[in-house]
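Observations on the three-dimensional arrangement
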Amino acid sequence: MSDMESMTALMESTSSKIQQLQQAFAELERQSAVSMNLKWKQLEDHFRGLEQSLKKKFDELKDQEEEFQETVAKSERMLEQREAAVVAKELTSLERLQEKRDAALAMIFSKSKLSLPVPAINPMDKALDNLGVKWPKPASEESMCLQGDRAAVKPRSELVSLCEKMNVKGLHKFISDNRKNLATIREEIPGALKKASHPYGLVLDSLEDFYAGDNLVLDGKKDGDLLGVRRTCLMLMESLGQLQTDNIACFSSEGHMLTIDIKERAKKIAFVWKSKLDSLDIDASNGNCLEAHAFLQLLATFGISAEYNEDDLCKLLPYVSRRRQTPELCRLLGLSQKMPGVIGVLVESGKPIDAINLAYAFELTEHFEPVQLLKAYLRDVKKVSHAKNVKMSPGAQNEMNERELSALKAVIKCIEEHKLEEHYPVDPLQKRVLQLEKAKADKRRAVEAAKPQSKRPRANGSAFAPRATGFADKSFYPATPERHPSYPYERQFVYGAEAHHPPMMSSAPYTIQPAPTPYYGNGYPVQYQVPYIH
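Conventions we followed
Residues numbered from 1 in each chain as written. Predicted model: local features only at pLDDT ≥ 70, side-chain atom pairs only at ≥ 80, totals over all residues. Heavy atoms only, no water. Phe/Tyr/Trp six-rings, centres within 6.5 Å; stacked < 30°, edge-to-face > 60°. Buried < 20%, exposed > 50% of the residue type's maximum accessible area, 1.4 Å probe, protein only. Helix = DSSP H or I, 4+ residues; strand = E, 2+ residues; numbered from the N terminus. Lys NZ or Arg CZ within 6 Å of the ring centre and 35° of its normal. Salt bridge = Lys/Arg side-chain N within 4 Å of Asp/Glu carboxyl O. pLDDT = per-residue confidence, 0-100. Contact = heavy atoms within 4.5 Å. Expected span 1.5 Å × (residues − 1). Arc of directions from axis to C-beta.

This part covers the packing of aromatic side chains. Counting across every chain of the model gives 5 aromatic pairs. Considering the side-chain rings of F210 and Y211, the 5.0 Å spacing of their centres and the 65° angle between planes classify their relative orientation as edge-to-face. Exposure remark for F210: the relative accessible area of 0% places this residue in the buried category. Summarising the aromatic geometry, the rings of Y211 and W273 are spaced 6.3 Å apart at their centres and angled 70° between planes, so their arrangement reads as edge-to-face. With a gap of 62 residues between them, Y211 in the loop between α9 (199–206) and α10 (224–246) and W273 in helix α11 (residues 260–279) connect regions that are remote in the sequence. For the pair shown, Y211 and W273 are each scored as buried. An aromatic cluster is built from F210, Y211 and W273, whose rings are joined through pairwise contacts. If you follow R331 out to its NZ or CZ, it ends over the ring of F362, 4.7 Å from the centre.

A separate point is the pattern of salt bridges. Tallied over the entire structure, the rule returns 19 salt bridges. Where E291 meets R230, a salt bridge forms, and the shortest distance between an N and an O atom there is 2.5 Å. Taken together, the positions of E291 in helix α12 (residues 290–301) and R230 in helix α10 put the pair 61 residues apart, joining distant regions of the chain. In this pair, the class of E291 matches that of R230, namely buried. Between R322 and D354 there is a salt bridge whose closest N-O contact spans 3.8 Å. Here D354 lies in helix α16 (residues 352–361) and R322 lies in the loop between α13 (310–316) and α14 (326–332), a separation of 32 residues in the sequence. We classify R322 as buried; its relative accessible area is 0%. By relative accessible area, D354 is classed as buried at 0%.

The next thing to look at is the confidence of the model for the protein chain. For the protein chain, per-residue confidence averages 75 on the pLDDT scale, and residues scoring 70 or more make up 68% of the total. Between residues 113–124, whose pLDDT stays under 50, and residues either more than four places distant or in other chains, the model counts 13 contacts. Confidence drops under pLDDT 50 across residues 133–142; counting only partners more than four residues distant or on other chains, this segment forms 16 contacts.

Helix length check: helix α2 (residues 14–31) (18 residues) gives 26 Å between terminal C-alpha atoms against 26 Å at 1.5 Å per residue, within 8%. Where α2 is concerned, the buried positions are T14, I18 and F25. Seen from one end, α2 has its buried residues packed into an arc of 40°, which puts them on one side. More than 90 degrees from the buried face of α2, the exposed residues found are Q20, Q23, R30 and Q31.

A separate point is unusual backbone geometry. Its identity is not glycine, yet M166 carries a phi of approximately 55°, on the positive side. Tracing the chain through its elements places M166 in the loop between α6 (157–164) and α7 (168–177). Here M166 falls in the partly exposed class, since its relative accessible area comes to 25%. The backbone of K419 shows a phi angle near 55°, a positive value even though the residue is not glycine.

Along its 12 residues, α12 runs 16 Å from first to last C-alpha, staying within 8% of the 16 Å computed at 1.5 Å per residue. In terms of burial, α12 is largely enclosed, as 12 of its 12 residues are buried. Within the sequence span of α12, burial applies to L290, E291, A292, H293, A294, F295, L296, Q297, L298, L299, A300 and T301. Among the residues trailing α12, G303 stands out with phi positive, at a value near 60°.

Quick look at the structure:
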């Protein structure tokens, strides 16, 4: 029995004790020959007062005990919560420490010429040998390099020769002249860079013309030659980064090291590029800004991202959100922890498909539910279209229908890529697509039918003959040969030409309208959106 229970029992027995005392006092008065000045009434009042006082103090103690128990329980809950928070912080710190450890090991291996260490012999080795179990022999550095060379695509001799001679101009020209086979060349460049005496220096030298001749017009899309140079620079930086990742043990000769001098050169280039980037209208890039991508790739390839604030780098991610290299680029820059905020910005700015792609890349679909985002996206597009269809010219109405059509196709493609058909059936969307395409085709036929018809032949059967001139017939000249196929380097997701919420109407439309493919002076075609590939 606890102290509190024993005290309660004693308090309840007080009345019985007083009754026993009353009987004893009465017996004493009968047997006593002398009269007593003290009366029982006085004694009873005294004991009753003591009883009430004790009960009052007992109740106060009981209340204090209950309050103390509640405080203890609350403190225990707070301690449990703090312990869980500490454990979560420890796990996060361990993950960051592991990332830094891996990066440090990669840097050490890239600078070391020593072979991989042999496993230390422990007391279990002898017992394992007796049982016939042998330790596997560690692969030497040379054998690992040979295996990597066999697995890699063998570069063509011209590409290897240009890299060995550190011929930057020739390398740019070779890639531009062979843009038909650009996908193959992209696979060959890492192997060719490994043959260069100073791969980092070669790539840095190739970046000098990134903004060359671009004083008046910073936008490379208005200059075909400049656009080709920038794409080549970006491809070389990515290939160098791939070479670092795939061949850490082999990529360790003196000329292949990422030295302090190389980093300082890269920092100077990054400073110039950042100032140029601030002057560009990257808001109009619709998540496909090559210049912003090149700047972030420069920081990742040469390991200088620590020179910039993470929040400032995250502000550039919406400008490259449609590029397929963005998820891996974020991991290289150490921005994985910042991705929930970046995805939230994309959702708020009316770019749900970019947000969904990044959510799947970083396993954040629990926080950003894809089906709800897609439904809200289409609902907003239809809301704007119906709101403007009240008073609208035929041309504007066609434009709104085209935007809805593009948005529907983009949503269907996203559903199929991420296998969301079970949660979001595509049949109603496809029916709407067919309906819009049919309406579009009917309007096109109506416009063609309204065009003036050519003159009919005369009644005598003769027709109007062309006027004789001194110029040769244009059909004599051969037709212009077909341009080269589209540049396979950039592959993004198709977005509808949706109109956003009213506050967003002043910004550029979040799409690229389909149009006949124009070509720049160097044969590079204008890059419209093609499906995003993870």
